[in-house]
Amino acid sequence: MTIKLWANSADSHFLEPEDLWRTRLPKRLAELVPRSEKDPDGKWETVFVDGQAFRRRLPTISQEEFFAASHRAPGSGDVTKRLPDLDEEGIWSELVFPSLGMWASSFRTPEVLREATRASNDWAKEVIMDYSPRLLPTAQVSTLSIEDACAELKRCGEMGFKAVFLTVAPHPQQKDYNHDAWEPFWALAEDIGMVISFHIGTEPIDMASGGAAGVMYRGPGGAVLNYTETTFGGQRAVMKLVASGALDRHPNLKVLVSEGGATWVPFIADRMEEGYRQHSQVVRPKLNRSPKEIIYSQVYASFQHDESAVHAMTAMGYNNVMWGSDYPHMEGTYGHTQKTLHHLFDNVDQKTRDRITFGAFQELFPDAPLPPAPGTVAPAAATA
């Protein structure tokens, strides 16, 4: 009988109440947050958000089937059931990303987005963070207004948040992450000690094209093409922060890219190193450290299934590899976490396994509780 392995997860999600924003915002703002109306035949829906509307075809499977597949874990939206789920799976502490927050780029009115993120953060503090030190929700901030983002980041730091969720690209109405306009935000995050947490697949929603989030390809192979495409946004975000000098100017600022694998990190580091060296005559700004040194010391990356991610550490010397369950999503490990952990780590030396399953996590979040030793049953007192 195999022993139980425990790990901290750098990637999970919580399904907030669907009416969270509508119930917590003033009526004049609540009317602008996302809502949908389904056609009587159940094949299409109209989504309304901040004075905009678009039509989209619903999945061919029923909404009930889709919901069941995406959020089948009992604790996906019920914090009282979450820790028993995690105990069963062998997950101890976890970084928790939002669900409603994925709509952030669809807003056009700064006040609505500011108040929506504030409401989400208050709710996450009350419901998730205060429930157990094992759950580390990510703060949400506006990417439509950098001033609003800084104000909310400061407030969230005072509330006890340790990481802030950013979409892999900012709001379409805002300067991109490589511009100096973001400098106050990076400086404040470094000063607070807030980890910048990018989650893949969070590119701004193109409302003009029907709001089809994550759909770039149609036709043969489209599902696999679109799924693979989601990984690239996190890589681009890191490239922007490195090439612009943001991470060089803020050496204590840490960046996490969740769910995007880890093997890309050594490649991107080498590619940027080559570009910086071979085209030095046109490179601006000049950096105090090489791109590779910056990336290897400040960028962390999480994966769930891919074996190559382990080799990024053992064969490529990239030490900031983290594991994540992607609980409760269907592409995550819920229901087979132990099988996945054993498959990944049974033939890996303990130093590597410990670093990936909890060491890098503890480096980013030193106050998070350490997982039990392998084979240990979760203490009853630790389930809350």
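As annotated in an unreviewed UniProt entry, the protein carries the name Amidohydrolase-related domain-containing protein and is attributed to Nocardia cerradoensis.

This brings us to the sheet that holds strand S5 (residues 91-97). Taken in spatial order, the three strands of this open sheet run S1-S5-S6, and their pairing is parallel. Single-partner strands in this sheet number two, and they are strand S1 (7-13) and strand S6 (135-137). Between one strand axis and the next, the sheet turns by 20 degrees as a mean value, whatever way the strands run. Two strands pair when backbone bridges link them, and S1 and S5 are joined in this way by four bridges, in the parallel orientation. Paired with Ser9 across the two strands is Glu94, which belongs to S5. In the packing of helix H15 (residues 350-364) onto the sheet, contacts are made with S1, S5 and S6, and the angle to S1 comes to roughly 70 degrees.

Summarising burial for helix H14 (residues 337-345): seven of the nine residues are buried, a large majority. Considered for burial, the residues of H14 that qualify are Thr337, Gln338, Thr340, Leu341, His342, Leu344 and Phe345.

Using the criterion set out here, one finds two cavities of 30 Å³ or more in the structure. Of the pockets and cavities examined, the largest cavity occupies roughly 80 Å³. Going through the elements one at a time, S5 and helix H5 (110-129) are the ones with two or more residues in the lining of the largest cavity. The element contributing the most residues to the lining of the largest cavity is H5, with four residues. Split into classes, the residues belonging to the lining of the largest cavity amount to nine nonpolar, three polar and one charged. If you go around the second largest cavity, the residues you meet are Gly101, Ala104, Gln140, Val141, Thr143, Phe165, Leu166 and Thr167. Classifying every residue of the lining of the second largest cavity by side-chain character gives four nonpolar, four polar and no charged.

Spatially, the six strands line up as an open sheet ordered S7-S8-S9-S10-S11-S12, and their pairing is parallel. Among the strands making up the open sheet, the edge pair consists of strand S7 (139-140) and strand S12 (321-323). Pairing analysis gives five bridges linking strand S8 (residues 163-167) to strand S9 (residues 195-199), with the strands arranged parallel. In the sheet register, Phe165 faces S9, and the bridge partner there is Ser197. Docked against the sheet, helix H9 (residues 232-243) engages S9, strand S10 (255-258) and strand S11 (299-303), running at close to 165 degrees with respect to S10. Contacting S9, S10, S11 and S12, H15 runs over the sheet at an angle of about 110 degrees to S12.

What follows covers the nonpolar core. Membership of the largest hydrophobic core comes to 88 residues, with the highest contact counts inside it found for Phe185, Trp186, Ile196, Phe198 and Ile295. For this core, the element with the most residues is H5, which contributes eight residues. Of all hydrophobic cores here, the second largest spans 15 residues; its members include Leu95, Leu256, Tyr300 and Leu364.

A separate point is the state of the cysteines. Scanning the entire structure with this criterion turns up zero disulfides. The thiol of Cys150 is not disulfide-bonded; the next cysteine sulfur, from Cys156, is found 12 Å away. We classify Cys150 as buried; its relative accessible area is 16%.

Applying the stated rule across the entire model yields 22 salt bridges. Residue Lys38 is joined to Glu45 by a salt bridge in which the shortest nitrogen-to-oxygen separation is 4.0 Å. Take Glu45: its relative accessible area is 5%, and that puts it in the buried class. Among the salt bridges present, the one from Glu158 reaches Lys154, with a minimum N-O distance of 2.9 Å. Of this pair, Glu158 and Lys154 both sit in helix H6 (residues 146-159), separated by four residues, roughly a single helical turn. The exposure class assigned to Glu158 is exposed, which follows from its relative accessible area of 60%.

What counts as what
- Residues numbered from 1 in each chain as written.
- Predicted model: local features only at pLDDT ≥ 70, side-chain atom pairs only at ≥ 80, totals over all residues.
- Heavy atoms only, no water.
- Pairing = 2+ DSSP bridges.
- Helix = DSSP H or I, 4+ residues; strand = E, 2+ residues; numbered from the N terminus.
- Axes fitted to C-alpha atoms, helices over the stretch in contact; angles between N-to-C directions.
- Contact = heavy atoms within 4.5 Å.
- Buried < 20%, exposed > 50% of the residue type's maximum accessible area, 1.4 Å probe, protein only.
- 1 Å grid on protein atoms, 1.4 Å probe; cavity = no way out; pocket = protein on both sides within 12 Å on 5 of 7 lines; lining within 4 Å.
- Points joined across faces, edges and corners; volume = space filled by probe spheres on them.
- Nonpolar A, V, L, I, M, F, W, Y, C, P; charged D, E, K, R; others polar.
- Core = buried A, V, L, I, M, F, W, Y, C linked by side-chain atoms within 4.5 Å.
- Disulfide = S-S within 2.5 Å.
- Salt bridge = Lys/Arg side-chain N within 4 Å of Asp/Glu carboxyl O.

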